[in-house]
Amino acid sequence: MLDKSQKSAPINFSKQEIDRFDALAESWWDPNGNYKTALDFNRARLSVIESQITSHFIKSEQAQRVVQKASKTNFQANPMDKTKPFSGLSIVDIGCGGGLISEPLALKGADVTGIDASAMSIEVAKRHAKHSNVEVNYMHGLSSDLVSQERQFDIVINAEVVEHVPDQVQLIKECASLVKPGGLLVLATLNRTIKSYIIAIVGAEYVMRYLPVGTHDWQKFVKPTELNQWVGEEFTLNHETGMALNPFTKVWKLTPSLSVNYLQVYHRK
């Protein structure tokens, strides 16, 4: 299993290393490259995340009350700015990888922090953001680092990370503690079902080779009911959806079934 709970060693920079990061950034973000399936999956989950942020902070009556009580959330929305609708929102992307979620949200005006245990992933994300002229605060570290700094954010995102750490409960509790009152906690992972074993491990790793063999450990997949328990009583489940890949069209779609990939959005009271 890929372990995302251990912080990797820092990288000694050289011209050759920077060139390698640039090449990796280009390949990771290439919509027609080796990571096409992952990029398509990211677009599907990102559409849900953006929709939920908009509904919670901009459109809903509750959002207006949050704006009026900005002293509690430090959030001042500007729904009239269609190019930067998330202006004023603070977001942290835990386990940000190459920035596939962080960068699009920053483009919409959010103040985004991306943190990852992998130094290489952070450098790739930084290089891509620099070439794209997008401002994201990328950090090489763990969620526990932010907790120790007593940081909090309007939105905390933890996508496809919890299935790669040994202490899953601790990670979810750390993420929950980083959410401001009135904010959102977004969790995405894989359900622990027979179907997920067949599709996500046998199919994705051994048959289709979308992922390297050994990327996932089925025993570390998490049931939605477990996430509901781990986030704590301060959180209410706002939204949940599954995501499924059509093997013939190669298109990811949203589905009511949470049997394989799924995403849950929680509101902190």
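The structure we're discussing is the one just above.
Draft legend 1. Structural context of the packing of helix α8 (residues 168-177) against helix α10 (residues 224-231). Relative orientation of the contacting elements α8 and α10 amounts to 55°, with a least axis distance of 9 Å. Judged by the angle between their axes, α8 and α10 are oblique. Every pair of crossing elements has a handedness; the one defined by α8 and α10 is right-handed. Where α8 approaches α10, its residues Gln168, Val169, Ile172, Lys173 and Ala176 are matched on the opposing element by Leu227, Trp230 and Val231. Grouping the constituent residues of the contact of α8 with α10 by class yields 6 nonpolar, 1 polar and 1 charged.

Draft legend 2. Region of the structure containing the pattern of salt bridges. Taken as a whole and judged by the stated rule, the model has 8 salt bridges. The closest approach of N and O atoms between Asp40 and Arg43, which form a salt bridge, is 2.1 Å. Residue Asp40 and its partner Arg43 are both found in helix α2 (residues 36-59); the two are separated by 3 residues, about one turn of the helix. On the basis of relative accessible area, Arg43 is assigned to the partly exposed category, the value being 46%. Between Glu50 and Lys108 there is a salt bridge; the shortest N-O distance is 3.2 Å. Note that Glu50 is positioned in helix α2 and Lys108 in the loop between α5 (102-107) and β2 (111-116), a separation of 58 residues in sequence. Judged by relative accessible area, Glu50 falls into the buried class, the value being 16%. Taking the relative accessible area as the measure of exposure, Lys108 reaches 28% and is therefore partly exposed. Taken together, the shared-partner salt bridges in this structure form one network comprising Lys36, Asp40 and Arg43.

Draft legend 3. Geometry of the pairing of β2. Burial runs high along β2: 5 of the 6 residues are buried. Where strand β1 (residues 90-94) and β2 come together, 5 bridges link them in parallel fashion. Within the sheet, the bridge partner assigned to Ile94 lies in β2 and is Ile115. Once the chain exits β1 it traverses α5 before rejoining the sheet at β2, and the crossover so formed is right-handed. Here β2 pairs with strand β3 (residues 137-140) via 4 bridges, running parallel. By the bridge assignment, Ile115 is partnered in β3 with Met139. Between the parallel pair β2 and β3, the chain is carried across by helix α6 (residues 119-132), and the sense of this crossover is right-handed.

Draft legend 4. Structural detail: the sheet that holds β2. Read from one edge to the other, the open sheet built from 8 strands follows the order β3-β2-β1-β4-β5-β8-β6-β7, with strand pairing classed as mixed. Only two strands of the sheet have a single partner each, and these edge strands are β3 and β7 (252-255). Geometrically, the sheet is characterised by an average inter-axis angle of 20° between neighbouring strands, direction not taken into account. Bridge count for strand β6 (residues 235-245) against strand β8 (residues 261-268) is 8 bridges, and the pairing is antiparallel. What sits directly across from Met243, in β8, is Asn261. Where α6 meets the sheet, it contacts β2 and β3, and its direction lies at approximately 165° from that of β3.

The rules we used
- Residues numbered from 1 in each chain as written.
- Predicted model: local features only at pLDDT ≥ 70, side-chain atom pairs only at ≥ 80, totals over all residues.
- Heavy atoms only, no water.
- Axes fitted to C-alpha atoms, helices over the stretch in contact; angles between N-to-C directions.
- Helix = DSSP H or I, 4+ residues; strand = E, 2+ residues; numbered from the N terminus.
- Parallel < 35°, antiparallel > 145°, perpendicular 65-115°, else oblique.
- Left-handed = near helix turned anticlockwise from the far one by under 90°.
- Contact = heavy atoms within 4.5 Å.
- Nonpolar A, V, L, I, M, F, W, Y, C, P; charged D, E, K, R; others polar.
- Salt bridge = Lys/Arg side-chain N within 4 Å of Asp/Glu carboxyl O.
- Buried < 20%, exposed > 50% of the residue type's maximum accessible area, 1.4 Å probe, protein only.
- Pairing = 2+ DSSP bridges.
- Right-handed = clockwise from strand over helix to strand, strands pointing away.

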